[in-house]
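Architecture and fold: a report
So the chains spell out like this:
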Amino acid sequence: MSGLRKAKKYDWKDSNLALFGSDLEKNVKKESAKTEKAWEGAGQEPGLKIWRIVKFKVTDWAKEDYGKFFKGDSYIILNTYKDKESDELLYDVHFFIGSESTQDEYGTAAYKTVELDTFLDDKPIQHREVMDHEGDLFKSYFENITIMAGGAESGFKRVEPTDYKPRLMKFNDMGRNKVKVTEVAYCKESITPDNVYVVDLGLQIYQVNGSQSDKDEKFKAAQYVQQLKVERGGRSKVDVVDGDNWESKVKLPSGDPSVDCEDDEPDDDFKKTIFKLSDESGHLTFTDLGIFSKGVLGSDDVYICDSGKKCVVFVGKKASIDERRKGMEYAHAYLCKTKHPFIPVTVVQEGQRSKEFDNLF
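Residues numbered from 1 in each chain as written. Predicted model: local features only at pLDDT ≥ 70, side-chain atom pairs only at ≥ 80, totals over all residues. Heavy atoms only, no water.

So, about the confidence of the model for the protein chain. With 84% of its residues at a pLDDT of 70 or more, the protein chain has an overall mean of 84. Every residue in residues 1–22 is under pLDDT 50, and counting partners more than four places away or in other chains gives 69 contacts. (pLDDT = per-residue confidence, 0-100. Contact = heavy atoms within 4.5 Å.)

Right, dumping it as structure tokens:
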């Protein structure tokens, strides 16, 4: 499968955002109307709005499913809020890439994010988010984040419990009373003592509390289970199993959970760095400045600032059109070659207020 993947877990060989002017851009333009209907009314009042990319098109994501994402899809999230001093509407726009999203899907999400930015007069701060590596701002929008297997092709249909495909959901504490819910491989090897799991069989639901799991995970799992019961008209039976002897009551097949459990490679040797993107010489150059300081950032160029945990693309007020257009692309391509390719990326125009930028240095 092509898409946002690297060696072992993802295949990054053909993954980049150098797609504009390519067949993808032509397909996107061909499928899009002169005026994108999805943007009608966008950013007119404070609140959150989410769209999903389906076959090159921007489609509304149901409000009741905000916080739920498919691994195989890409999304655009717009947060509109008022400036506390001026009462002016301000924006953060994110394109969210599922770990199994195809290159066409996340390329379209990136392209359409730029289009939405233009629609809102270049006021939004742009962000790239990769599943399982979301930034704090993105996570702050949702009480919980739920990641499900599948994608647009599989649909998102409300089904009867008797027809429900067995699922295993993992609850992982993200801190600040937030829990991430991820669908993992349906096998007994996926269950570890340090988390809480929900085995969803439709009419029978088990909550498995690992011996080392914490109270937030248990509480959120209990809420999740109760919501499932409500959605199914109270017909589902729920059993809570504590400790590590769950196998005597909950029967799961054997399998390989390695895809879900694999960790990223450590990047202990990384040193914070800033690259300058400039066409002053007549063609674009990408230069490592060998220093990590706000003082090197100028108004004439674009800079990619990588802390190893976050990446900020700083766009100077006097940067050329080509430099501005290529900032995210160069940041994405550069990160693909590092051991931390999935970290959040934020594009900040000089003069914009951004916690991601302020907290970087």
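What follows deals with the sheet that holds strand 16 (residues 311–315). Ordered in space as 2-1-4-5-6-17-16-15-13-14, the ten strands form an open sheet in which the pairing is mixed. Among the strands making up the open sheet, the edge pair consists of strand 2 (57–60) and strand 14 (285–288). Averaged over all adjacent pairs, the angle separating strand axes in this sheet is 20 degrees, with direction ignored. Where strand 1 (residues 47–54) meets strand 4 (residues 74–82), six bridges bridge the pair, whose relative direction is antiparallel. Its bridge partner being in strand 4, Lys49 is matched across the sheet by Leu78. Sheet strands in contact with helix 6 (residues 321–336) are strand 5 (89–97), strand 6 (125–130), strand 13 (273–278), strand 14, strand 15 (302–306), strand 16 and strand 17 (345–349), and its direction is about 25 degrees off that of strand 15. (Pairing = 2+ DSSP bridges. Helix = DSSP H or I, 4+ residues; strand = E, 2+ residues; numbered from the N terminus. Axes fitted to C-alpha atoms, helices over the stretch in contact; angles between N-to-C directions.)

If you check helix 4 (residues 215–231), its first and last C-alpha atoms are 24 Å apart, about what 17 residues at 1.5 Å a residue would give, namely 24 Å. Where helix 4 is buried, its residues meet strand 7 (144–148), strand 8 (167–175), strand 9 (178–184), strand 10 (196–200), strand 11 (204–209) and strand 12 (237–242). The N-terminus of helix 4 is capped by Asp214, whose side-chain oxygen sits 3.1 Å from the backbone nitrogen of Asp216. Gly233, located one to two residues past helix 4, shows a positive phi value of around 65 degrees. (Expected span 1.5 Å × (residues − 1). Polar contact = N/O pair within 3.5 Å; in protein donor to acceptor, adjacent residues only side chain to side chain.)

Now for helix 2 (residues 103–119). Its 17 residues give helix 2 an end-to-end C-alpha distance of 24 Å, which sits within 8% of 24 Å, the value for a rise of 1.5 Å per residue. Taken together, the buried positions of helix 2 are occupied by Gln103, Glu105, Tyr106, Gly107, Thr108, Ala109, Ala110, Tyr111, Lys112, Thr113, Leu116 and Asp117. Immediately beyond the C-terminal end of helix 2, within one or two residues, lies Asp121, with a positive phi of roughly 60 degrees. (Buried < 20%, exposed > 50% of the residue type's maximum accessible area, 1.4 Å probe, protein only.)

Further remarks concern the sheet that holds strand 8. The seven strands lie next to each other as 3-7-9-8-10-11-12, forming an open sheet whose pairing is mixed. Both outer strands of the open sheet, strand 3 (68–70) and strand 12, are each paired with one neighbouring strand and no more. Adjacent strand axes in the sheet meet at a mean angle of 20 degrees, parallel and antiparallel pairs treated alike. Sheet topology places strand 11 next to strand 12; six bridges connect them, and they run parallel. Across the sheet, residue Gln204 finds its bridge partner in strand 12, namely Lys237. Along the sheet, helix 4 contacts strand 3, strand 7, strand 8, strand 9, strand 10, strand 11 and strand 12; its crossing angle with strand 8, the most-contacted strand, is approximately 140 degrees.

Within strand 9, seven of the seven residues are buried, which leaves the element mostly enclosed by the surrounding structure. Of the two faces of strand 9, the one carrying Lys178, Lys180, Thr182 and Val184 and the one carrying Val179, Val181 and Glu183 are both buried. Looking at chain direction, strand 7 and strand 9 are connected through four bridges and run parallel. By the bridge assignment, Thr146 is partnered in strand 9 with Val181.

Now for the side chain of Ser190. Positionally, Ser190 belongs in the loop between strand 9 and strand 10. Ignoring sequence-local partners within four residues, the contact set of Ser190 consists of Leu168, Val184, Ala185, Tyr197 and Pro257.

Moving on to the nonpolar core. Membership of the largest hydrophobic core comes to 35 residues, with the highest contact counts inside it found for Trp51, Ile76, Leu78, Leu116, Ile304 and Val313. The element best represented in this core is strand 5, accounting for five residues. Once residues lying within four places of it in the same chain are set aside, the contact partners of Trp51 are Ala38, Trp39, Ala42, Val58, Thr59, Asp60, Trp61, Tyr75, Ile76, Leu78 and Leu116. Residues Trp61, Tyr75, Ile77 and Phe142 belong to the second largest nonpolar core, which totals 16 residues. (Core = buried A, V, L, I, M, F, W, Y, C linked by side-chain atoms within 4.5 Å.)

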